[in-house]
Amino acid sequence: MIEYNEVTKVFGKDVRAVDNVSFKVESGDIVVLLGPSGCGKTTLLRMVNRLESITEGNILVNNQRIADLNEIELRREIGYVIQSNGLFPNMTIEQNVTIVPNLLGWDKEKKEERYQYLMNLVGMDPDDYRKRYPHELSGGQQQRIGVIRALAADPPAMLMDEPFGALDPIIREKVQDEFLAIQRELHKTVLFVSHDINEAIKMGDKIALLRDGKLMQYDTPANILQNPANDFVAQFVGQDRTIKSLSIHYIEDLMKHKQLNETTDQKFSKQVPVNMNLRDALGNILESDEKEVAVTDENQKVIGSIDFSLISQYVSELSQ
Amino acid sequence: MNRNEGYTITDVYEYFQDNMDFILELTVQHINLVGLAIIVAILIGVPLGIYLTTNESLAGTVLNVASVIMTIPSIALFGLMIPIFSLINQGIGFVPAFVALVLYSQLPIIRNTYTAINNVNPEIRDAAMGIGMSTAQRLLKVEIPNTLPVIMAGIRTAVVLNIGIGVIAAFIGAGGLGILIAQGITRGHTDMVIAGAIAISILGISADLILRLLQRIFTSKGVSAQ
């Protein structure tokens, strides 16, 4: 758990990069620090492992004030991932991944076991990559190594500073999905900096939206999209916020509130799985000839169909 | 017979053949003097260069002083050492020559180390701090290994420079290959001067090759292949 208590950061005499920010990151949650550049999100992140000092207020990690902790030990207990991955060019992939266990003095077998586990976690062959150097890897692979290096000593918390920002869109989607899959298994407490509202909606259990160092709104992605706290938030999430919000609701969610249309003998040109999000489902509906698509369960069996009016009704129920 | 005229490549070759032992002895003296000076210069220059990256105001001053030392003509610097070290009865010989060479080596070593460490990719430094490395660990595991080629370039410059300037040591009684040149000039033996010049060139080129080899061995493939 990470807790900000009235945290302020002043650069120089009067540049308030972070202005009286308080919020709490629950254990096992991903919280995205979101905002335009210069809003203080990276500063806010780097205060947690004391790469930036705190001018006023305090930050608690697992109920301990970070100011009371040894900064080297604190950093070793918090995973840290940055945009350019920050891998050490002089070290092999194995050395990079096991650097923190090395600093902590783990024995050889334990390090090897951990290395094998982590490489398998991101689907890279431990032996193929062991002796290779970072420059021999693609951007996506480097970023995966950056993520597992941060996970190496199994820290309870992770700080991620635009970790996937330098990747091209297709690879980024893939690495995001991989990270979410890992997170479902490991339940780390994650602070994640992003300037991309779509990434924030996708990755965040909650979003902390910042502007000029001030916290504008701290809430779940659904609530930020449906009930923006002020004009800035509304503007930041965009006029298509309803469409964006569809991407965090799935056909399964809709089925809890609404019946799918019955499919008697009707044949549809398109089928979508029940675990598809409503934004993609809507895309499929618009593309289909019938403006309606069949929904299939895990066993590929058709369980009903969905059309625009069903989604529209669901959305209006949500915003009530 | 005037030896200044009509000497041939054969004369130089014969001089080498007839005086091999003497030349080898002078070479060993030269290597001892330059080698020891470089070792001490590295022990001073590299840590100082690293320290200066943490103290920008001092960095300018130190680099300027080192530059000024470089601009003093070498023969004058050796000459200046004589009265200074006379105070401790070491006016001529090994000590003043050694100190002069250490001073001459400082600029390339300090400047390259300082530049190298200052230009470490800030993201790599940030990552090293963020994962919890101490300052010493960061330097030894990340910053120095990643900048070794630049630091070594400074050391190689200093070594080659010192092998050449080391000739002047002969004029203040510190021996070395400069003896061939000093005596060759005073006696009018051009073949001796040429032999000395060739020996010094060979020594300089060999030293550079050996240092390049060492650099290749100690530089991580991940750094050299970039």
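All figures in this text were calculated on a predicted structure; none of them were measured in a lab. (Residues numbered from 1 in each chain as written. Chains lettered and ligands numbered in written order. Predicted model: local features only at pLDDT ≥ 70, side-chain atom pairs only at ≥ 80, totals over all residues. Heavy atoms only, no water.)

## Regarding the overall build of chain B
For chain B, the count of helices and strands is 10 helices and 0 strands. For chain B, the sequential pattern of α-helices and β-strands runs α-α-α-α-α-α-α-α-α-α. Taking the principal axes of its C-alpha atoms as reference, chain B extends roughly 75 × 45 × 25 Å. Looking at chain B as a whole, 47% of its 226 residues are labelled buried. Taking as baseline every contact in chain B between residues at least 6 positions apart, the subset at least 24 positions apart corresponds to 75%. By element, 67% of the accessible surface of chain B is carried by carbon and sulfur atoms, the whole surface being about 11200 Å². (Helix = DSSP H or I, 4+ residues; strand = E, 2+ residues; numbered from the N terminus. Buried < 20%, exposed > 50% of the residue type's maximum accessible area, 1.4 Å probe, protein only. Contact = heavy atoms within 4.5 Å. Areas by Shrake-Rupley, 256 points an atom, 1.4 Å probe, with all protein chains shown as cover.)

## A few points about the UniProt feature "domain: ABC transporter" (unreviewed entry) in chain A
Residues annotated in UniProt with the feature "domain: ABC transporter" (unreviewed entry) correspond here to residues 2–237 of chain A. Annotation note: span residues 2–237 of chain A, helix share 39%, strand share 26%, distance between end C-alpha atoms 25 Å. (UniProt positions renumbered as here; feature names shortened; annotations may be inferred.)

## Here we look at the sheet that holds strand S6 (residues 78–82) of chain A
Residue and element names in this part refer to chain A. If you walk across this open sheet you meet the 6 strands as S6-S7-S8-S3-S9-S10, and the pairing is mixed. In this open sheet, the two strands that pair with only one neighbour each are S6 and strand S10 (214–219). Here the strands of the sheet are splayed against their neighbours by 15 degrees on average, with no regard to which way each runs. As paired strands, S6 and strand S7 (residues 157–161) are joined by 5 bridges and run parallel to one another. Note on S7: the bridge partner recorded for Ile78 is Ala157. In the packing of helix H8 (residues 169–186) onto the sheet, the strands contacted are strand S3 (30–34), S7 and strand S8 (189–194), and the crossing angle to S3 comes to about 140 degrees. (Pairing = 2+ DSSP bridges. Axes fitted to C-alpha atoms, helices over the stretch in contact; angles between N-to-C directions.)

## Brief notes about the UniProt feature "domain: ABC transmembrane type-1" (unreviewed entry) in chain B
In the UniProt entry, the feature "domain: ABC transmembrane type-1" (unreviewed entry) is given for residues 27–211 of chain B. Annotated as residues 27–211 of chain B, this span is 82% helix and 0% strand, and its ends, taken at the C-alpha atoms, are 18 Å apart.

## As for the pairing of strand S9 (residues 206–211) of chain A
All names here are of chain A. One ladder, built from 4 bridges, connects S3 with S9; its direction is parallel. Counted as the bridge partner of Val32 is Ile207 from S9. Once S9 ends, the chain turns through 2 residues before running back antiparallel as S10, passing Asp212 with a positive phi of about 50 degrees.

## A few points about the UniProt feature "transmembrane region" (unreviewed entry) in chain B
All names here are of chain B. As annotated in UniProt, the feature "transmembrane region" (unreviewed entry) corresponds to residues 30–51, 58–78, 84–104, 159–186 and 192–211 in the numbering used here. Span residues 84–104 is 67% helix and 0% strand, its end C-alpha atoms 17 Å apart. Between the end C-alpha atoms of residues 192–211 the distance is 28 Å, and the span holds 100% helix and 0% strand.

## Observations regarding helix H3 (residues 56–71) of chain B
Residue and element names in this part refer to chain B. Here H3 contains 16 residues, and its C-alpha end-to-end distance of 23 Å stays within 8% of the 22 Å for a straight helix at 1.5 Å per residue. Every buried residue of H3 is listed here: Ala59, Val62, Leu63, Ala66 and Ile69. Relative to the axis of H3, the buried residues are bounded by an arc of 115 degrees and lie together on one face. In H3, the exposed positions angled more than 90 degrees off the buried face are occupied by Ser57, Asn64, Val68 and Thr71. Looking at the buried positions of H3, the neighbouring elements they touch are helix H2 (20–52), helix H4 (74–86) and helix H5 (94–118). (Expected span 1.5 Å × (residues − 1). Arc of directions from axis to C-beta.)

## Some words on the pairing of strand S2 (residues 15–25) of chain A
Side-chain positions along a regular strand alternate between the two faces of the sheet. All names here are of chain A. With 7 bridges joining them, strand S1 (residues 2–11) and S2 adopt antiparallel strand pairing. Note that in S2 the partner of Lys9 across the bridge is Val18. Hairpin geometry of S1 and S2 is characterised by an intervening segment of 3 residues between the two adjacent antiparallel strands and by a positive phi of about 60 degrees at Gly12.

## Section: the sheet that holds S1 of chain A
Residue and element names in this part refer to chain A. Read across the sheet, 4 strands follow the order S2-S1-S4-S5 without closing on themselves; strand pairing throughout is antiparallel. With one partner strand each, in any of the chains shown, S2 and strand S5 (64–65) form the two edges of the open sheet. Sheet analysis places S1 next to strand S4 (residues 56–61), joined by 5 bridges and oriented antiparallel. Within S4, the position partnered with Glu3 by the bridge is Leu60. In the packing of helix H1 (residues 41–48) onto the sheet, the strands contacted are S1, S2 and S4, and the crossing angle to S1 comes to about 120 degrees.

## Section: the interface of chain B and chain A
Contact with chain B, which involves 22 residues of that partner, is made by 22 residues of chain A. Carbon and sulfur atoms make up 63% of the area that chain B and chain A hide from each other, which totals about 1900 Å². Area buried by chain B at its contact with chain A is led by Asp126, Gly130 and Ile131 of chain B, which between them contribute 28% of it. Viewed at the interface, chain A and chain B are joined by 1 salt bridge. Across the pair Asp126 of chain B and Arg46 of chain A runs a salt bridge whose closest N-O atoms are separated by 2.6 Å. Along the contact surface separating chain B from chain A lie 8 residue pairs in polar contact (both at pLDDT 80 or more). Broken down by secondary-structure element, the contributors of at least two residues to the side of chain B that touches chain A are helix H6 (122–130), helix H7 (135–165) and helix H10 (221–224) of chain B. The element that contributes the greatest number of residues to the side of chain B that touches chain A is H6 of chain B, accounting for 7 residues. Residue composition of the side of chain B that touches chain A, grouped by class: 10 nonpolar, 8 polar and 4 charged. (Buried area = accessible area lost by both parts, 1.4 Å probe. Salt bridge = Lys/Arg side-chain N within 4 Å of Asp/Glu carboxyl O. Polar contact = N/O pair within 3.5 Å; in protein donor to acceptor, adjacent residues only side chain to side chain. Nonpolar A, V, L, I, M, F, W, Y, C, P; charged D, E, K, R; others polar.)

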